[in-house]
Amino acid sequence: MGSMVWACVTDFFTYETTKSVVVKSWSVGIINRIVQLLIISYFVGWVFIHEKAYQISDTGIESSVMTKVKGFGYHNDRVMDVADYVSPSQGASVFCIMTRLIITEDQFQGRCPESGAHYKCTTDEDCEKHLGSILSNGVITGTCLSSFDNSTDNTTGYCEIEGWCPAENDRIKNEPMLDVKNFTIFIKNSIRFPLFNVTRGNFPSTMTAAQIRSCTYHPVHDPLCPIFRVGDVLNYTGQDVKNLATKGGEIGINIVWKCNLDLDIEKCVPRYAFTRLDTPFAKNAVSKGYNFRFAKYFKTENGTEFRTLHKAFAIRFDVMVTGNAGKFNTIPTLINLVAAVTSVGLGTILCDIILLNFLKGADQYKAKKFEEVSQAQIEASLAPSPGSELSLKPGMKSCYDSGAISLSAE
């Protein structure tokens, strides 16, 4: 009993290897080496060099953005400065440059006729169907107000509203402020990769104030200048300045940080990309461009409140920050090396499929590669027949738990 247990223990701590069959075939050998070369090239070129799979990455970028716009323009016979056309004024990552304004002055609370053609009427019944409308300039009262139009010698009726009067007429056509193309945007961006505790800014710390004032961003000649000319930004997105200034739109400025921290930290610099964010709606007849309303409030001498309403068509800028940083790490390197070595074995699998199914002599290859043992051969090997080559000779032991037969050195 003890010898049987000892045999099982020794069998457990043995090494078994597969039988190799060497095939002298140029075609199969070439296919095998080509497949192996392709797999190795993929791992070296794409996985390790391009994707840098030997690094650990930090994608949880922390970012802060501050902006400042400068420039002067003419609109409605007035000189507009930053305080007139930038909203909001805090210098955040999302801001608007107003390029066209429709101004309705001296609005007081009261009742007056609507201005939209949709609210024309001849009787009160025509206005009652608009009760509760949220598209009007005030609350529809259901009354039709008629007035005589001297230009057409006709009586025209509009539904009455209660709210700020006179009602806004947004069908007014006026020229946009095309000077917007000469405005400049200063962007100050700081980022931090918390995994590596690395902090960077979007322009070199050695850059002086004089250099910043005199530079203008260019993707080739001055890619680290933090001052962007609005006209250049619109050109990078392929937009027409006049059309965008007339109807408004949304422009994205993406600051991309992709840093290889195995290199000099000074090489960790941003790249800028520009796009129009509202492109899916640019040709939409319902919601085209970008506009919003705001009001400035005043009081008369007797304390009555009135306001000036502005409908602003604006170019909205969204400054977005994305990126990641990578640095060498042992664990991902080992994992990908093991994957590469394992994948090289795919060449052997492909060659086996070709040899076993498509080439002449497949039967001979099968006979060499696979060795079949029948139940009769197993029973014969266990029978005490001294003349049989398959019988166990003296000094050989069998362990039924491992399923293998081993030779003893005794």
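Only a predicted model underlies this, so the values are computations on that prediction, with no experimental measurement involved.

**Quick look at the state of the cysteines**
Tallied over the full model, the rule gives 5 disulfides. Here Cys127 connects covalently by a disulfide to Cys159, the sulfurs 2.2 Å from one another. Taking the sign of the S-S torsion, -100° for the link of Cys127 and Cys159, the bridge is left-handed. With Cys127 in helix α4 (residues 124–128) and Cys159 in strand β9 (residues 154–165), this pair connects stretches of sequence that are 32 residues apart. Each member of the pair, Cys127 as well as Cys159, carries the same accessibility label: buried. Here Cys215 connects covalently by a disulfide to Cys225, the sulfurs 2.0 Å from one another. Its S-S torsion of about 80° marks the bond between Cys215 and Cys225 as right-handed, since a negative value means left-handed.

**Some details on the pairing of strand β6 (residues 94–113)**
Examined bridge by bridge, strand β5 (residues 86–87) and β6 share 2 bridges and lie antiparallel to one another. Bridge pairing links Ser87 to Cys96 in β6. Remark: 6 residues form the turn of the hairpin made by β5 and β6, two consecutive strands paired antiparallel; Gly91 in that turn has positive phi of roughly 75°. Pairing geometry for β6 and strand β16 (residues 305–328), over 12 bridges, is antiparallel. Opposite Arg100, over in β16, you have Phe313 as the bridge partner.

**Digging into the confidence of the model for the protein chain**
Of all residues in the protein chain, 87% have pLDDT values of 70 or greater, and the mean over the chain is 85. Here strand β18 (residues 404–407) is the element of the protein chain with the lowest mean pLDDT, 38, and strand β12 (residues 227–229) is the one with the highest, 96. Across residues 388–410, where pLDDT falls below 50, the model places 27 contacts with residues more than four positions away in sequence or in other chains.

**Looking at the packing of aromatic side chains**
To describe a pair of aromatic rings, one takes the distance between the centres and the angle between the planes. In the structure shown here, the tally under the stated rule is 17 aromatic pairs. Here Tyr217 and Tyr272 contribute two aromatic rings whose centre-to-centre distance is 5.3 Å and whose plane-to-plane angle is 75°, an arrangement assigned as edge-to-face. You can see Tyr217 sitting in the loop between α5 (209–214) and β12 and its partner Tyr272 sitting in strand β14 (residues 270–276), a full 55 residues away along the chain. Side by side, Tyr217 and Tyr272 carry an identical accessibility label, which is buried.

**Some details on the pattern of salt bridges**
Counted according to the given criterion, the structure contains 11 salt bridges. In this structure, Arg293 and Glu168 form a salt bridge, with 2.8 Å as the shortest nitrogen-oxygen distance. Here Glu168 lies in the loop between β9 and β10 (184–193) and Arg293 lies in strand β15 (residues 291–299), a separation of 125 residues in the sequence. Since its relative accessible area comes to 42%, Arg293 is described here as partly exposed.

**Re unusual backbone geometry**
Residue Pro88 is bonded to the preceding Ser87 through a cis peptide linkage, with omega at -10°. Mapped onto the fold, Pro88 is located in the loop between β5 and β6. Residue Pro166 is bonded to the preceding Cys165 through a cis peptide linkage, with omega at 0°. With respect to the helices and strands, the residue Pro166 is situated in the loop between β9 and β10. One non-glycine residue, Lys52, adopts positive backbone phi at about 50°. Relative to the elements of secondary structure, Lys52 occurs in the loop between α2 (26–50) and β1 (55–58). Looking at Lys52, the relative accessible area reads 28%, which means it is partly exposed. The backbone phi angle of Asn76 is positive, close to 55°, even though this residue is not glycine. As for its placement among the helices and strands, Asn76 is situated in the loop between β3 (73–75) and β4 (78–80). Given a relative accessible area of 35%, Asn76 falls into the partly exposed group.

**Describing a positive patch on the surface**
On the surface, Lys68, Lys70, Lys188 and Arg213 cluster together into a patch of positive charge. On the secondary structure map, Lys70 appears in strand β2 (residues 62–70).

**Some thoughts on the environment of Leu277**
Within the secondary structure, Leu277 is located in the loop between β14 and β15. Relative accessible area serves as the criterion here: at 34%, Leu277 is assigned to the partly exposed category. Distance from Leu277 to Phe317, taken between C-alpha atoms, is 9.3 Å for residues 40 residues apart in sequence. What Leu277 contacts, discounting residues up to four positions off in sequence, is Glu250, Ile251, Gly252, Asp318 and Met320.

Parameters and conventions
Per chain, residue numbering runs from 1 following the sequence as it is written. In view of the model being predicted, local features appear only for residues whose pLDDT reaches at least 70, and side-chain atom pairs are presented and counted only at 80 or more, with totals across whole chains, interfaces and linings using the full set of residues. Water and hydrogen atoms play no part in the side-chain values, which are based on all heavy atoms of the structure. We call a pair of cysteine sulfur atoms a disulfide whenever their separation is within 2.5 Å. Secondary structure is summarised from DSSP: a helix means a run of H or I of at least four residues, a strand means a run of E of at least two, and numbering begins at the N terminus for each. For the exposure calls, accessible area comes from a 1.4 Å probe over protein chains only, and a residue counts as buried if that area is under 20% of its type's maximum, exposed if over 50%, partly exposed in between. Strands qualify as paired when DSSP identifies two bridges or more between them. Residue-level confidence of the predictor, termed pLDDT, takes values from 0 up to 100. Residue contacts follow a heavy-atom distance rule, with two residues in contact if any of their heavy atoms lie within 4.5 Å. Stacked, tilted and edge-to-face are the three classes assigned to paired rings of Phe, Tyr and Trp, where Trp is represented by its six-membered ring and a pair needs centres within 6.5 Å; plane angles under 30 degrees give stacked, over 60 edge-to-face, the rest tilted. A side-chain nitrogen of Lys or Arg and a carboxyl oxygen of Asp or Glu constitute a salt bridge if their distance falls within 4 Å. For patches, a residue must show more than 30% relative accessible area and have no salt bridge; joins then use 9 Å for like charges and 5 Å for nonpolar side chains, namely Val, Leu, Ile, Met, Phe, Trp and Tyr. All accessible-area figures derive from a Shrake-Rupley calculation using a 1.4 Å probe, and residue coverage is judged against the displayed protein chains alone. Under this rule, positive means Lys or Arg and negative means Asp or Glu; His and the chain ends count for nothing. Every charge is mapped to an atom, namely NZ of Lys, CZ of Arg, CG of Asp or CD of Glu.

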